[in-house]
Amino acid sequence: MRNAFTHCSDSASLSDPAYAERLAPAYRDVRADPLWAPLETVLSKAGGAADPAQLSFV
């Protein structure tokens with residue numbers, strides 16, 4: 001994934017289907033972790049939450 005971004009001549013985005021597809025399994029695993037919900041709450045209160053569209057890979 002890092003190499004794809006590094007060598008991309010256009011602007012790369014994690015929401016592009018090619019990247020989102022590769023990230024979907026990782027997002028499923030993270031969301032299954034019991035620490036995800038509290039972390040997401042803390043980040044949103046601190047203003048560090050990602051755009052909801054960026055979290056909708058799965």
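Residues numbered from 1 in each chain as written. Predicted model: local features only at pLDDT ≥ 70, side-chain atom pairs only at ≥ 80, totals over all residues. Heavy atoms only, no water.

## Thoughts on the overall build of the protein chain
A tally of helices and strands in the protein chain yields 3 helices and 0 strands. When the helices and strands of the protein chain are listed from N to C terminus, the series reads α-α-α. Within the protein chain, buried positions represent 14% of all 58 residues. Sequence separation of at least 24 residues holds for 45% of the intrachain contacts in the protein chain that already meet a minimum separation of 6. Working note: accessible area of the protein chain is about 4400 Å², and carbon and sulfur atoms make up 58% of it. (Helix = DSSP H or I, 4+ residues; strand = E, 2+ residues; numbered from the N terminus. Buried < 20%, exposed > 50% of the residue type's maximum accessible area, 1.4 Å probe, protein only. Contact = heavy atoms within 4.5 Å. Areas by Shrake-Rupley, 256 points an atom, 1.4 Å probe, with all protein chains shown as cover.)

## Section: the confidence of the model for the protein chain
As a note on interpretation, predicted positions should not be read in detail where pLDDT is low. Averaged over every residue, the pLDDT of the protein chain is 77; residues scoring 70 or more account for 79%. Mean pLDDT across the secondary structure elements of the protein chain bottoms out at helix α1 (residues 2-6), with 74, and peaks at helix α2 (residues 17-32), with 86. (pLDDT = per-residue confidence, 0-100.)

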